Amino acid sequence: MSAPKTASQADSLPAELTESPLDIDAIRAEFPILDQQVHGHRLVYLDSAASAQRPAVVIRTIADYYTKDHANVHRGAHELSVRATRRYEDARGKVARFLGAGRADEVVFTRSTTESINLVSMTWGIANLGPGDVVVVSEMEHHSNLVPWQIVCERTGAEIQAIRVTDDQRLDLDHLDALLGSGDVRLVATGHVSNAIGTIHPVDEIARRAHEAGALYLIDGAQAAPQLPIDVRAIDCDFYTFSGHKACGPTGIGALWARRELLDAMPPYQGGGEMIEEVRIERSTYAAVPHKFEAGTPNIAGAIGFGAAVDFLQALDPETIHAHEKRIARLVLERLADEFKAITLYGPAPDVARAGVVSFTLADIHPHDLATILDHEGVAIRAGHHCCQPLMRRLGVAATARASFYLYNAEDDLEALVRGLHRAQELFRV
Amino acid sequence: MLESIFRELILEHYRKPRNKGALENPTVTVSMRNPMCGDEIDLMLTIDGDRIEAVGFTGQGCSISQASVSMMTQGVIGRSIDAALDLEKRFVALMRDDEGASEDRKLGDLRALQGVAKLPVRIKCALLGWNALDEAIKAHQKSPTGAMGEKLEFEDLTELPAGFDPATHKDDLP
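Just so we're clear, the structure is a prediction, and the values are computed from it rather than from any experiment. (Residues numbered from 1 in each chain as written. Chains lettered and ligands numbered in written order. Predicted model: local features only at pLDDT ≥ 70, side-chain atom pairs only at ≥ 80, totals over all residues. Heavy atoms only, no water.)

Caption draft 1: Representation of the overall build of chain B. Each helix and strand counted, chain B has five helices and four strands in total. Ordering the α and β elements of chain B from the N terminus gives α-α-β-β-β-α-α-α-β. Evaluated residue by residue, chain B yields a buried proportion of 49% over its 174 residues. The long-range fraction of contacts in chain B, counting pairs at least 24 apart against all pairs at least 6 apart in sequence, stands at 64%. If you sum the accessible surface of chain B, you get close to 7,900 Å²; carbon and sulfur atoms cover 49% of it. (Helix = DSSP H or I, 4+ residues; strand = E, 2+ residues; numbered from the N terminus. Buried < 20%, exposed > 50% of the residue type's maximum accessible area, 1.4 Å probe, protein only. Contact = heavy atoms within 4.5 Å. Areas by Shrake-Rupley, 256 points an atom, 1.4 Å probe, with all protein chains shown as cover.)

Caption draft 2: Representation of the pairing of strand β14 (residues 357-362) of chain A within the structure. All names here are of chain A. A large share of β14 lies buried, amounting to six of its six residues. Going residue by residue along β14, you find Val357, Ser359 and Thr361 tucked away on one face and Val358, Phe360 and Leu362 tucked away on the opposite face as well. Bridge analysis of β14 against strand β17 (residues 400-404) gives four bridges, and the strand direction is antiparallel. Each bridged residue has a counterpart across the sheet, and for Ser359 the counterpart in β17 is Arg402. (Pairing = 2+ DSSP bridges.)

Caption draft 3: Expanded view of the sheet that holds β17(A). All names here are of chain A. Here four strands make up an open sheet; going across it, the order is β13-β14-β17-β16 and the pairing antiparallel. This sheet does not close on itself; its edge strands, each paired only once, are β13 (343-345) and β16 (382-384). The sheet shows a mean angle of 30° between the axes of neighbouring strands, direction not considered. Along the sheet face, helix α12 (residues 367-375) touches β14, β16 and β17 and points at about 160° away from the line of β16. (Axes fitted to C-alpha atoms, helices over the stretch in contact; angles between N-to-C directions.)

Caption draft 4: Inspection of empty space enclosed by the protein at higher detail. Residue and element names in this part refer to chain A. Tallied over the entire structure, the rule returns one cavity of 30 Å³ or more. The calculated volume of the largest cavity comes to roughly 80 Å³. Residue classes in the lining of the largest cavity are distributed as six nonpolar, four polar and two charged. Here the lining of the largest cavity gathers at least three residues from each of two domains, domain 1 (7-46 + 317-428) and domain 2 (58-315). (1 Å grid on protein atoms, 1.4 Å probe; cavity = no way out; pocket = protein on both sides within 12 Å on 5 of 7 lines; lining within 4 Å. Points joined across faces, edges and corners; volume = space filled by probe spheres on them. Nonpolar A, V, L, I, M, F, W, Y, C, P; charged D, E, K, R; others polar. Domains from an automatic or database assignment.)

Caption draft 5: How the structure looks around the packing of aromatic side chains. Residue and element names in this part refer to chain A. All chains considered together, the criterion is met by twelve aromatic pairs over all chains. Judged by centre distance (5.1 Å) and plane angle (55°), the rings of Phe242 and Phe306 are tilted. Here Phe306 lies in helix α10 (residues 300-316) and Phe242 lies in strand β9 (residues 239-243), a separation of 64 residues in the sequence. Since its relative accessible area comes to 0%, Phe242 is described here as buried. On the accessibility criterion, Phe306 (0% relative accessible area) is buried. (Phe/Tyr/Trp six-rings, centres within 6.5 Å; stacked < 30°, edge-to-face > 60°.)

Caption draft 6: Inspection of helix α2 (residues 56-69) of chain A at higher detail. All names here are of chain A. The end-to-end C-alpha separation of α2 is 19 Å, in line with the 20 Å expected for 14 residues at 1.5 Å each. Residues of α2 that are buried: Val58, Thr61, Tyr65 and Asp69. One side of α2 holds all its buried residues, which, seen down the axis, span an arc of 60°. Within α2, the exposed residues directed more than 90 degrees away from the buried face are Arg60, Tyr66 and Thr67. (Expected span 1.5 Å × (residues − 1). Arc of directions from axis to C-beta.)

Caption draft 7: View of the pairing of strand β2 (residues 40-48) of chain B. Residue and element names in this part refer to chain B. As paired strands, strand β1 (residues 28-33) and β2 are joined by six bridges and run antiparallel to one another. In the strand pairing of β2, Met32 is matched with Ile41. Between β1 and β2, which pair antiparallel in sequence order, lie six residues; one of them, Gly38, sits at a positive phi of approximately 90°. Note that β2 and strand β3 (residues 51-60) share nine bridges and pair antiparallel. Bridge pairing in β3 places Glu40 opposite Gln60. Linking β2 back to β3 in an antiparallel pair, the connection comprises two residues, with Gly49 at a positive phi of about 65°.

Caption draft 8: Fine view of the sheet that holds strand β8 (residues 216-220) of chain A. Residue and element names in this part refer to chain A. If you trace the seven strands from one edge of the open sheet to the other, you get β4-β10-β9-β8-β7-β5-β6, paired in mixed fashion. The sheet terminates laterally at β4 (107-110) and β6 (159-163), the two strands that pair on one side only. Between one strand axis and the next, the sheet turns by 20° as a mean value, whatever way the strands run. Lying on the sheet, helix α3 (residues 79-98) is in contact with β4, β9 and β10 (254-258); it crosses β4 at an angle near 115°. Against the sheet, helix α7 (residues 203-212) engages β7 (185-191) and β8, with an angle of about 155° to β8.

Caption draft 9: Spatial organisation of the pattern of salt bridges. Residues and elements named next belong to chain A. All chains considered together, the criterion is met by 47 salt bridges over all chains. Linking Lys68 and Asp64 is a salt bridge whose minimum nitrogen-to-oxygen distance equals 2.6 Å. Here Lys68 and its partner Asp64 are both found in helix α2, four residues apart, which amounts to about one turn of the helix. Take Asp64: its relative accessible area is 23%, and that puts it in the partly exposed class. Look at the salt bridges and you will find they share partners, linking Asp64, Lys68, Asp69, Glu79, Arg83 and Arg87 into a network. (Salt bridge = Lys/Arg side-chain N within 4 Å of Asp/Glu carboxyl O.)

Caption draft 10: Region of the structure containing unusual backbone geometry. Residue and element names in this part refer to chain A. For the bond running from Val289 to Pro290, omega is 5°, close enough to zero to count as cis. Take Pro290: it is sitting in the loop between β12 (284-286) and α10. Even without glycine at this site, Gln169 takes up a positive phi of about 65°. Tracing the backbone through its elements, the reader meets Gln169 in the loop between β6 and α6 (173-180). Its identity as a non-glycine residue notwithstanding, Glu274 has a phi of 70°, on the positive side.

Caption draft 11: Molecular detail of the nonpolar core. Ranked by size, the top nonpolar core spans 81 residues in total, and within it Val188(A), Tyr240(A), Phe242(A) and Leu407(A) carry the most contacts. Considering each element in turn, this core owes the most residues, ten residues, to α10(A). Split by domain, this core shows at least three residues from each of two domains, domain 1 (7-46 + 317-428) and domain 2 (58-315) of chain A. Apart from residues lying up to four places away in sequence, Val188(A) is in contact with Val136(A), Leu176(A), Leu180(A), Ile206(A), Ala210(A), Ala215(A), Leu216(A), Tyr217(A) and Leu218(A). Listed in part, the 80 residues of the second largest apolar core include Ala403(A), Phe405(A), Val55(B) and Phe57(B). (Core = buried A, V, L, I, M, F, W, Y, C linked by side-chain atoms within 4.5 Å.)

Have a look at this one:
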């Protein structure tokens, strides 16, 4: 085992690694939940890839909405409804700007990334797929960007094919070309950042190749939007989806962005109030987008909290958050590799496009046992298949431990992880 | 706390599980998966009349699930079905932290798992093999010969054992 590196040895690191571009202490002060002890230790939250925490401004915004302005939206008959509608639609504008969308009405509020993808599969998919058509996903997908396509393929007779993962744990773009070569691909659907191993996919390149082959491109941005600058027009994708709760926002709210002409052509997803224009017993006409896809009273407070969350990220600057992620990912990968002989690290090398999501196994200690031991040291990680069973199969493991570092995590959290892993080795006599 | 869970005996069973491997001609095979964490075992039994002649298992999981099933096989091979069910009842009592369960000498090595009772989120790991055993015995009792060769598959959705009172374990809940 090599000598442990400490912050005092940071001068041996490249210049861009010596200091985080974020003021971590100031950021932590905005997250009340982080200020607590777990099992007698400072809480070290390394599970933001499962769900991030919320800054006080998001919690305050939701409380403020319920305290002062709540009523149902789009009814307009009284002052509170006007205010609620304005706050709800303002939030849509914030999310649209956050994604680099040209117009607010291209953003549909959903429950989550999962629901956004199901909305596309059940509307666009049912209307446009048939026998002989192909939907291309990848071996690295979260189940939420795989199972909806399996369901729609089963219904429509279309076929599902998967881009292979290379040995260095990236998407095999040559294989994508081979799949597109059939001329039958109608849609390519991939993640933007792998929630399991942190790979950042070259989405603009995938968009270009998909379009050249006449296919549309959907991106599962659940793991990317919280930590990368997103510009859906620059990427030139057709659908982009993400969730509030991984981006410092509330649970139960997500967004689907799609080009306006696609949304216009898609049939409604669910029927009910809010989504109609005129209703007769036999048939109805539907509201214009985005309301056509928002049946029933929406998650108003969730959307408003979501708006506050993307404002918070915008104020920190996604470019800066990404620089912080790159830096911390590299520190974590190098430190763990130096410190633990028996560690296996998954995902691309530190110098390749990757996020601060670090998956690993340590000696023969099962990831669930690692998670239990780390929990007792105050360190929260995730253990399991990370909703990516095909990827786990590809990597030849049943489960990994995953430490995900976000904008409130710094070197002291890494050191707490290192201490916890030493404790695990000691308990397991490794 | 952690020392009381990851004991020497548990690690020893985790690294050198007893009776691991497939049986040649089991009379009943139960596959039990925990879809939440991915732990899975195939438990094979050869039951002759009322007697459990042989037990084997394959699969993978954490130290607690693997040690528990390994010790379980030792506890039930060569015993009657009633004795196996009695042992299961005693083990569930240990996981529920019932009065006196940790002193139950009939549990033998299984008492090493008593620390898991203080860790509600891991109790399902310790019970995975026992839930498989329970299903296997039920299948055998329904059809003592008919179950032969057919693998029965289950998803173990048990979060906590019946009768477990989270109120007494407040400090350990996630």
